[in-house]
Amino acid sequence: NEIGVIDIFVGSLTLLVSLYLAFAPGADAASINGAALLLLFSFTYFWVAINRRNGADGRGLGWFCLFVAITAIPVTVQTLGAATTTWGVWLGLCWLAWGVLWFLFFVLLVMKKPIAKFVGAVTVAEGVLTGWVPGYLLLNGLMK
């Protein structure tokens, strides 16, 4: 079950970053808020890994995804409303995209709609467009 390896790796990485943001010297309300939001990703990745291991049908994860999709609505509005840079707008649009993806997981896992291939394609596209591309640009000094 090789997919579980990346789920555990990403869940662990986001958990460590969350802990650092929340508990590092000088942590403030904004960094604690960022940590809490990042934990939504950590829990999602860990839950997916655990479900793959124990064979659960994903309904519990689906309900959690609905909670996160609902949470993403005010986060998107707040992030876009406060955006003063291209990076800020991009982050707000990412929250919108991730919220839609989490909602699609709810539809797939709880409502049992036959959209697995579509959700898989959206997941890959969002991984590339919201993760890999900006990460590459940031690491190479092409985005500030």
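Residues numbered from 1 in each chain as written. Predicted model: local features only at pLDDT ≥ 70, side-chain atom pairs only at ≥ 80, totals over all residues. Heavy atoms only, no water.

Looking now at the overall build of the chain. For the chain, the count of helices and strands is five helices and zero strands. Beginning at the N terminus, the succession of helices and strands in the chain can be written as α-α-α-α-α. In terms of overall size, the chain behaves like a compact globule, its C-alpha atoms giving a radius of gyration of 16 Å where 144 residues would be expected to give roughly 15 Å. Each principal axis of the C-alpha atoms in the chain carries an extent, and together these give about 40 × 30 × 30 Å. Residues counted as buried form 35% of the 144 residues belonging to the chain. The contacts in the chain between residues at least 6 apart in sequence include a share of 57% that link residues at least 24 apart. Roughly 9,000 Å² of accessible area belongs to the chain as shown, and the carbon and sulfur atoms make up 75% of that amount. Charge-centre separation for the chain: the mean point of 7 positive side chains lies 9 Å from the mean point of 5 negative side chains. (Helix = DSSP H or I, 4+ residues; strand = E, 2+ residues; numbered from the N terminus. Rg over C-alpha atoms; globule rule 2.2 N^0.38 Å. Buried < 20%, exposed > 50% of the residue type's maximum accessible area, 1.4 Å probe, protein only. Contact = heavy atoms within 4.5 Å. Areas by Shrake-Rupley, 256 points an atom, 1.4 Å probe, with all protein chains shown as cover. Lys, Arg positive; Asp, Glu negative; His and termini not counted. Charge placed at Lys NZ, Arg CZ, Asp CG, Glu CD.)

Now for unusual backbone geometry. With phi around 60 degrees, Lys112 is a residue other than glycine that occupies positive phi space. The class for Lys112 is partly exposed, based on a relative accessible area of 40%.

On to the confidence of the model for the chain, then. With 99% of its residues at a pLDDT of 70 or more, the chain shows a mean pLDDT of 95. At the low end of the mean pLDDT range in the chain sits helix α5 (residues 116-139), at 94; at the high end sits helix α3 (residues 59-82), at 98. (pLDDT = per-residue confidence, 0-100.)

Summed over the entire model, instances satisfying the criterion amount to 11 aromatic pairs. Centroid distance Trp87 to Trp90: 4.5 Å. Interplanar angle 20 degrees. Geometry classified as stacked. Within this pair, Trp87 and its partner Trp90 are both found in helix α4 (residues 86-109), separated by three residues, close to a single helical turn. For Trp87, a relative accessible area of 28% translates into the label partly exposed. Among the aromatic residues, ring-to-ring pairing joins Phe41, Trp95, Trp98 and Trp102 into one connected group. (Phe/Tyr/Trp six-rings, centres within 6.5 Å; stacked < 30°, edge-to-face > 60°.)

Trp95, Trp98 and Trp102 are the most contacted members of the largest nonpolar core, which totals 17 residues. When residues of this core are traced back to their parent elements, those giving at least two are α2 (29-54), α3 and α4. It is α3 that contributes the most residues to this core, seven residues altogether. Among the nonpolar cores identified, the runner-up in size contains 10 residues, and Leu66, Leu108, Val119 and Val122 belong to it. (Core = buried A, V, L, I, M, F, W, Y, C linked by side-chain atoms within 4.5 Å.)

The next subject is α5. An ideal rise of 1.5 Å per residue puts 34 Å on 24 residues; α5 measures up with 33 Å between its terminal C-alpha atoms. Every buried residue belonging to α5 is among Val119, Val122, Glu126, Thr130 and Pro134, and all of these are buried. Summarising the contacts, the buried residues of α5 are in contact with α4. Note on α5: the residue one or two positions beyond its end, Gly141, has a positive phi of about 70 degrees. (Expected span 1.5 Å × (residues − 1).)

This next bit is on helix α1 (residues 3-23). End to end, α1 covers 30 Å across 21 residues, agreeing with the expected 30 Å (1.5 Å per residue, within 8%). Buried within α1 we find Gly4, Asp7, Val10, Gly11, Thr14, Ser18 and Ala22. One face of α1 carries all of its buried residues, which in axial projection span an arc of 130 degrees. In α1, the exposed residues that point more than 90 degrees away from the buried face are Val5, Phe9, Leu16, Tyr20 and Phe23. (Arc of directions from axis to C-beta.)

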